[in-house]
Amino acid sequence: MADDKKTSLRNIDSVLQLLGTLGRYQLFQATLLGIGNLSICFHLLNFVFIAQPVKQQCAVAPLYGHDTNTDYGKCDVLARNTTTNDTSTRACSNWTYDVPKDHSIVSEWDLVCGNVYLGRLPQSLFIVGQGVGAATVSVMSDKFGRKPFLVMSHVLTAGAGLALAFAPNIAAFSGLRLVNGMFQQGIVVTTFTMIMEEFPMNRRVEVSTVLALVWSFCTILLTGTAYLFRDMDWRTLQLCFVSVSISVLLQIFFLGESLRWLITNKKAKKALSTFNRAAKINNIDVSNVALPGIGTEQAPVELTRTGSKYVELPSEKSTEVVKYNCLDLVRTKFMLKISGVVWFSWLVDSLTYFSLYLTSSSLHDDFYLNFFLNSLAEVPAGPLYWYVGRRWGRRIFFMSFHTLAGICLLIATVVKDLAVGPVALTSATILAFIGKVGNAACFNGMFSYAPEIYPTNLRSVGMGSGSTAARVGGMIAPFVSLLAEQIPWAPGTIFGIACLVTAALNYQLPEPEGRELPQTIEDVKAWDKTPARG
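Model, not experiment: these values are computed from the prediction. (Residues numbered from 1 in each chain as written. Predicted model: local features only at pLDDT ≥ 70, side-chain atom pairs only at ≥ 80, totals over all residues. Heavy atoms only, no water.)

S.K.: Tell me about the pattern of salt bridges, and please be specific about residues and values.
M.R.: Inspection of the entire model under this criterion finds eight salt bridges. One salt bridge in this structure joins Arg 459 and Glu 197, with 2.9 Å as the shortest N-O distance. Placement of Arg 459 in helix 19 (residues 456-476) and of Glu 197 in helix 8 (residues 170-197) is noted, with a sequence separation of 262 residues between them. The same class applies to Arg 459 and to Glu 197, which are both buried. Sharing partners across several salt bridges, the network here consists of Glu 206, Arg 390, Arg 394, Glu 452 and Glu 513. (Salt bridge = Lys/Arg side-chain N within 4 Å of Asp/Glu carboxyl O. Helix = DSSP H or I, 4+ residues; strand = E, 2+ residues; numbered from the N terminus. Buried < 20%, exposed > 50% of the residue type's maximum accessible area, 1.4 Å probe, protein only.)

In structure tokens:
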């Protein structure tokens, strides 16, 4: 490369390739983002433990006189007059529990019997908050940058989580869960968007795999933390969960802005600073390289590695910054089809995913072991996404594992409802576990897939809208256990059929394998007309 001439790279993927696909800078940034999964997980699933179900019985009260026999049940007191033999039933207003009063919000605030819906409300409001956060923070992230809103979301999530530990009543607790969910979702959307933008196309699946494994590790760590402090009151447990948010300090001081976002939005000074910093850390000489459309007046060219050298390839001139808004997700038939399938898929996956977690499905009778088994079912999600998604494509991945989840959940429901005996129970448990694996693979995979199919200045909005749809399923999930009490076979049947319908719709999704992350909607449309790169 001539010393007196600056060479501009053709596209952003070329920039990332030049910096080294797995350079020290990229790996360090990915690690900082991965650590944020602790906050995402602990603030999302902590409700399972601080609001865990308890066994209650009506408190004994001398309300019926000495000539009355009383039977104290869970919600009602049956009184029989020994003289007249008359009986009456009254709803009790005080309860005793098999755990200390402050062990769970359920026991502390008597969220049982007629108040059982109040016990489900905080998690549903948390999910509502996530939907609001996904729709607002994602827009700001696309417009003003990734890092500021990621850090802001971390700090405010920690603040709301801390306040939860001091909530005086269920009303205040529910309101704080709503706020907590709003800011937690800002972490989710921005983290997954940034980590997909950090690597070129030939590394995205591997990075998604590692990120899924990190999430699995976080859920297992959550289980261990809850079990270690199982004898503590729920407020102390909440403080332990919030403490993981201290990791935001690492992101404040060391995390860089998304280079892809900076280049796309022509933030020349910051883009060059970030680019040079990455090159220095990766020990790569970029003194004769200019970024696409930044720092050069000549027609940009692409650098392609040939042996140990870079060869210049002529290219077209850089384009102007393309701005989008939320309406662009549905403005055309093409985008409406993509967004509609993504939204429905995420809704179904979220409903199934959180229902299996929050209802403590009967994989085992032990509460903590059951949560651990659900967490363990997520471990194969990352490797499966890597193997199938890389070998046969993302579309085949979602079609296959939605089908697997649907069939297994349906068969498990039939076996559990109709068959009897230990063999039938074991078979139903195994099938439910396999169904959970398929569901977890699809749910986690969507977080990596969505950033791949939306253009840069619509990426966070696309992620946010899909995540908002998922929150609808999450809002319903806490109440599924109430449906199961009335119609035991209904949840599994609904989940199974919905997964099969989703599998059929997934055929309409675009295939991002072998494609650079799109800069514009036209880039996505062109995928069907141009061959993918290996």
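S.K.: Hey, could you go over helix 16 (residues 381-391) for me, with residue numbers and the actual values?
M.R.: Those residues of helix 16 that sit buried are Ala 381, Gly 382, Tyr 385, Val 388 and Gly 389. The arc that holds the buried residues of helix 16, viewed along the axis, is 150°, so those residues lie on one side. In this structure, the buried side of helix 16 is in contact with helix 9 (204-228), helix 17 (394-418) and helix 18 (422-453). Backbone geometry just downstream of helix 16 places Gly 393 in the positive-phi region, at approximately 105°. (Arc of directions from axis to C-beta. Contact = heavy atoms within 4.5 Å.)

S.K.: Any details on a nonpolar patch on the surface? Residues and values, ideally.
M.R.: There is a patch of nonpolar side chains on the surface, built from Phe 28, Val 155, Leu 156, Ile 246, Leu 249, Leu 250, Ile 252, Phe 253 and Phe 254 and spanning about 810 Å² of accessible area. At the level of elements, helix 7 (146-164) and helix 11 (248-254) are the ones that each hand at least two residues to the nonpolar patch. Per element, the largest residue contribution to the nonpolar patch is five residues, and it comes from helix 11. Tracing the sequence through the fold places Leu 156 in helix 7. (Patch = residues over 30% accessible without salt bridge, like charges linked within 9 Å, V, L, I, M, F, W, Y side chains within 5 Å. Areas by Shrake-Rupley, 256 points an atom, 1.4 Å probe, with all protein chains shown as cover.)

S.K.: Hey, could you go over the side chain of Ser 345 for me, with residue numbers and the actual values?
M.R.: When you line up the elements, Ser 345 lands in helix 14 (residues 333-358). For Ser 345, the residues in contact, after removing those within four places along its chain, are Met 446, Thr 502 and Asn 506.

S.K.: Give a detailed account of unusual backbone geometry, specifying residues and quantitative values.
M.R.: In this model, Asp 110 sits at a positive phi of 55°, which is unusual for a non-glycine residue. Summarising the element assignment, Asp 110 is placed in the loop between helix 5 (105-108) and helix 6 (116-144). Residue class for Asp 110 comes out buried when judged on its relative accessible area of 17%. The phi torsion at Asn 283 lies on the positive side, around 60°, for a residue other than glycine. Structurally, Asn 283 can be placed in the loop between helix 13 (268-281) and strand 7 (289-290). The class of Asn 283 is exposed, set by a relative accessible area of 68%.

S.K.: How would you explain the nonpolar core if you had to name every residue and give the values?
M.R.: Among the nonpolar cores identified, the biggest contains 88 residues, and Phe 49, Ile 105, Phe 173, Val 342 and Trp 346 are the most heavily contacted of them. Counting residues per element, this core draws most heavily on helix 8, at nine residues. Here Val 342 is in contact with Met 446, Tyr 449, Ile 453, Tyr 454, Gly 466 and Leu 509, once residues within four sequence places are set aside. Counting 14 residues, the second largest nonpolar core, distinct from the first, contains Val 15, Trp 261, Leu 262 and Ile 263. (Core = buried A, V, L, I, M, F, W, Y, C linked by side-chain atoms within 4.5 Å.)

S.K.: Any details on the packing of helix 2 (residues 24-35) against helix 13? Residues and values, ideally.
M.R.: As a packed pair, helix 2 and helix 13 sit with axes 7 Å apart at the nearest point and diverge in direction by 110°. Comparing their axes, helix 13 and helix 2 come out roughly perpendicular. The segment helix 2 lies against helix 13, with Arg 24, Tyr 25 and Gln 29 engaging Thr 274, Arg 277, Ala 278 and Ile 281. Residue composition of the contact of helix 2 with helix 13, grouped by class: three nonpolar, two polar and two charged. (Axes fitted to C-alpha atoms, helices over the stretch in contact; angles between N-to-C directions. Parallel < 35°, antiparallel > 145°, perpendicular 65-115°, else oblique. Nonpolar A, V, L, I, M, F, W, Y, C, P; charged D, E, K, R; others polar.)

S.K.: Got a sec to walk through the packing of aromatic side chains? Specific residues and values, please.
M.R.: Inspection of every chain in the model, using the stated rule, returns 21 aromatic pairs. Each ring, one from Phe 397 and one from Phe 401, has its centre 5.0 Å from the other, and the planes form 45°; the classification is tilted. Placement of the pair is Phe 397 and Phe 401 together in helix 17, with a separation of four residues, close to one helical turn. Each member of the aromatic cluster is reached from another via a ring pair, and the members are Phe 42, Phe 49, Tyr 227, Phe 241, Tyr 368 and Phe 371. Across the ring face of Tyr 507, the terminal group of Arg 395 is positioned such that the distance to the ring centre comes to 5.7 Å. (Phe/Tyr/Trp six-rings, centres within 6.5 Å; stacked < 30°, edge-to-face > 60°. Lys NZ or Arg CZ within 6 Å of the ring centre and 35° of its normal.)

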